[in-house]
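Analysis of the macromolecular model
The primary structure of each chain is shown beneath.
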Amino acid sequence: MPSAATPRTITLLPGDGIGPEVTGAARRIVDASGARVRWEPCVAGGEAFARGIASGVPQETIDSISRTRVVLKGPLATPLGKGERSANVTLRGLFETFANTRPVRELPGVRTPYAGRGVDLVVVRENVEDLYAGIEHMQTPGVAQGLKLISRKGCEKIVRFAFEFARSEGRSKVSCATKSNIMKLTEGMLQHVFEEVAPEYPDIAAEHLLVDNCAHQLVMAPEQFSVIVMTNMNGDILSDLASGLGGGLGFAPSANIGSGVAIFEAVHGTAPSIAGKDVANPTALVLSAVMMLRFIGAFAEADAVENAVLVTLESHVHTSDIARVGTAVGTTAFADAVIANLGRHSRTFVPRAHKPIRVPAVPATGPRPGHRAVVGADVFVESTAGVDTIGTALQQAVAGSAVSLQMIANRGTQLWPSRAGETDVVDSWRCRFVPVAGELSDAQLLDLLQRIGTACPWTHVEKLNQFDGVNGFSKTQEGR
Ligand code: NAD
């Protein structure tokens, strides 16, 4: 039975490669479930690039998504070296879909090394920030730098989303995996926000673990996890690992959820070598459509489609990616089998009871410090000289000024005034200057840059901020 009187309009992006085949299969199955949806097919990716649209997303598609707010999307080919950007990145940036959600559950009839262990987890990955903001600079001809940007707001949004998602699926545990032991300010921010927010969800157990341990645990005992929240790059890597636990790319759905717009798609790409042959496995896209149906509140239809997929897999109707030789069915035949199984229930797998998800609203800024001070500056300079020569030149350059040289480090290891061990250096040096008295003013900083410019050319500058007496910068191993 339809769950709502008015059909919900969905933007449908068939995409490239196997995209039209798997989205076509999902569309037929959703329609056959009786879900009240109206599809608005639009273009993105290859066809848009062919029309000369460098972003890969035509304005009509942007207008459609702005109206419908919900998208079912096929994979889009990323153009290689033609000056175009990835249409996926364009979509993510345009609609701020900050939460990438990838469930992995053991499926009946799908053989994996983990079968029988009860794997049933969801990786929630922050989807906008981190190294993926793509802010990169060559510091010197041989040293590249990428900015790992993590905001308190971004952490709070993804952490609250992870707890809300757990609640919507009746899950009782959320794990947060970070590299906070090394990146205390960036990765540490996610851990701190997680520990701050967790008590607001007393019905859900919360644990923090280091992300390298999480990788190990995912392989050794994945059944211990339920929801795992991570920053962008860690989540990118470990969600791919996790999809391998559930049968691989043909079975891995995902949702990209923002405050206003949600995009549902399979984890896999365009699979060009099998495109147009009616052999692709549509399960991942169909399960993405199941997530979409739940998102729009069509819970009964979502359960019906999920059950029909499970019954189909249980009865060993498999596409060639997992079928034993000679028994494979094609994309169309698999979809036909799922449609024929609508109304039947899996013998072994019970869909979870779902409640609507509440996408959290987070204030624009977090707590503001009462007092802030600039207590120094790290000035990065380029030089092929030895550290003692650089130290002497910089000391002479600032002699008699308002600042003094405190230390010099190379790739995070302090080498001046004292050093420990042996370090192979590169030509980019971090030189820490502190005021002789009081705080560092902008005028003093500009004077510093002018003075040292003659000794060693500087490449970039970071102010050393203190917020309410707490250092907002990392120390070297020497503790400076
Ligand atoms: P891919 O996922 O397309 O293919 C990897 C392997 O898995 C191939 O052997 C492929 O045949 C197989 N495979 C993938 N999906 C399958 C399915 N449903 N059924 C059966 N087999 C399947 O990854 P790739 O080859 O690295 O990427 C191809 C293109 O897709 C690239 O242009 C890439 O940028 C793009 N891509 C897009 C998205 C997206 O739009 N979200 C995601 C990943 C890759």
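Sequence order sets the numbering: in each chain, residues are counted from 1 along the sequence as written. Per-residue local features are limited, in this predicted model, to residues with pLDDT of at least 70; the limit for side-chain atom pairs, both in listing and counting, is 80 or more; totals at the level of whole chains, interfaces and linings are taken over all residues. Neither water nor hydrogens contribute to the side-chain values; these are computed over all heavy atoms in the structure.

Quick word on the nonpolar core
To define a nonpolar core, start from buried Ala, Val, Leu, Ile, Met, Phe, Trp, Tyr and Cys residues and group those joined through side-chain atoms within 4.5 Å. With a 1.4 Å probe rolled over the protein chains alone, any residue whose accessible area is under 20% of its type maximum counts as buried; one over 50% counts as exposed, and the rest are partly exposed. Core analysis: the largest hydrophobic core is formed by 66 residues, its most contacted members being Leu 72, Phe 163, Val 174 and Leu 293. A run of H or I in DSSP counts as a helix once it spans at least four residues, and a run of E counts as a strand once it spans at least two, with each numbered from the N terminus. For this core, the leading source of residues is helix α9 (residues 283-295), giving nine residues. Domain limits in this description derive from either an automatic procedure or a database domain assignment. Composition of this core by domain shows at least three residues from each of domain 1 (8-98 + 253-353) and domain 2 (120-245). Two residues form a contact once any of their heavy atoms are found within 4.5 Å. If we ignore the near neighbours within four places in the chain, the residues touching Leu 72 are Ile 10, Thr 11, Leu 12, Leu 13, Ala 26, Trp 39, Phe 264, Leu 285, Ser 288, Ala 289 and Met 292. The next biggest cluster of nonpolar side chains, apart from the first, holds 23 residues, and it includes Ile 390, Ala 397, Ile 408 and Trp 416.

What to know about the packing of helix α10 (residues 299-314) against helix α11 (residues 331-340)
Across the interface, α10 lies against α11 with an axial gap of 8 Å and an inter-helix angle of 115°. You can see that α10 and α11 cross each other, and the crossing is right-handed. Across the interface between the two elements, Ala 308, Val 309, Thr 312 and Leu 313 from α10 touch Phe 334, Ala 337 and Val 338 from α11. Note on residue categories: nonpolar means Ala, Val, Leu, Ile, Met, Phe, Trp, Tyr, Cys or Pro, charged means Asp, Glu, Lys or Arg, and polar means any other residue, Gly included. A per-class count over the contact of α10 with α11 returns six nonpolar, one polar and no charged. Here, axes are lines fitted to C-alpha atoms. For helices the fit covers the stretch in contact, and angles between N-to-C directions go from 0 to 180 degrees. For any pair of crossing helices, the crossing counts as left-handed if the nearer helix is rotated counterclockwise from the farther one by less than a right angle, and right-handed if it is rotated clockwise.

Brief notes about empty space enclosed by the protein
Cavities and pockets were defined on a 1 Å grid built from protein atoms only: a cavity is a group of points that admits a 1.4 Å probe but offers it no way out, a pocket is an open group of points flanked by protein on both sides within 12 Å along at least five of seven lines, and a lining residue is one with an atom within 4 Å of any such point. Grid points are joined across faces, edges and corners, and a volume is the space filled by probe spheres set on the points. The final tally for this structure, using the stated rule, is two cavities of 30 Å³ or more. Every residue lining the largest cavity is counted, 32 residues in all, and those nearest its centre are Pro 103, Glu 169, Met 291, Arg 294 and His 354. Mapped onto the lining of the largest cavity, the elements with two or more residues apiece are β4 (99-105), β5 (120-126), α5 (152-168), β11 (253-257), α9 and α10. If you tally residues by element for the lining of the largest cavity, the top one is α9, at five residues. Tallied by class, the residues present in the lining of the largest cavity amount to 20 nonpolar, four polar and eight charged. Two domains share the lining of the largest cavity, each providing at least three of its residues, namely domain 1 (8-98 + 253-353) and domain 2 (120-245). Its volume calculated, the second largest cavity comes out at about 40 Å³.

Describing the packing of aromatic side chains
Working definition: rings of Phe, Tyr and Trp (its six-membered ring) pair if their centres are within 6.5 Å, and the pair is stacked with planes under 30 degrees apart, edge-to-face with planes over 60 apart, and tilted otherwise. Evaluation of the coordinates by the stated rule reveals five aromatic pairs. When the ring of Phe 98 is compared with that of Phe 161, the centres are 6.2 Å apart and the planes differ by 85°; the resulting orientation is edge-to-face. Here the residue Phe 98 occupies a position in the loop between α4 (87-95) and β4, and Phe 161 occupies one in helix α5, the gap between them amounting to 63 residues. The class of Phe 98 is buried, set by a relative accessible area of 1%. Here the aromatic cluster, defined as three or more aromatic residues joined through ring pairs, consists of Phe 98, Phe 161 and Phe 165. Between the NZ or CZ atom of Arg 105 and the centre of the ring of Phe 349, over which it lies, the distance is 3.5 Å. One residue, Lys 157, lies across the ring of Phe 98, its end atom 4.7 Å from the ring centre. The rule is short: NZ of Lys or CZ of Arg within 6 Å of the ring centre and within 35 degrees of the ring normal puts a charge over the ring.

Overview of the site of the ligand
The cutoff for a nearby residue is simple: one of its non-hydrogen atoms must lie within 4 Å of the molecule or strand. As a matter of local geometry, the ligand sits amid 19 residues, with Leu 76, Thr 78, Asn 88, Gly 269 and Ala 271 nearest to it. Between the ligand and the protein, one listed contact pairs a nitrogen atom with a side-chain N or O atom of Glu 265 at 3.0 Å. The definition of a polar contact used here is a pair of N or O atoms within 3.5 Å, where within protein one atom must be able to donate a hydrogen and the other to accept one, and adjacent residues in sequence count solely through side-chain atom pairs. For the ligand, an oxygen atom lies 3.0 Å from a polar atom in the backbone of Thr 270. Calculation of accessible area relied on Shrake-Rupley with a 1.4 Å probe; when residues are assessed, cover is drawn exclusively from the protein chains displayed. In the complex, the protein chains occlude 64% of the 810 Å² of accessible area that the ligand would expose alone. The residue makeup of the shell around the ligand, split by class, is ten nonpolar, six polar and three charged.

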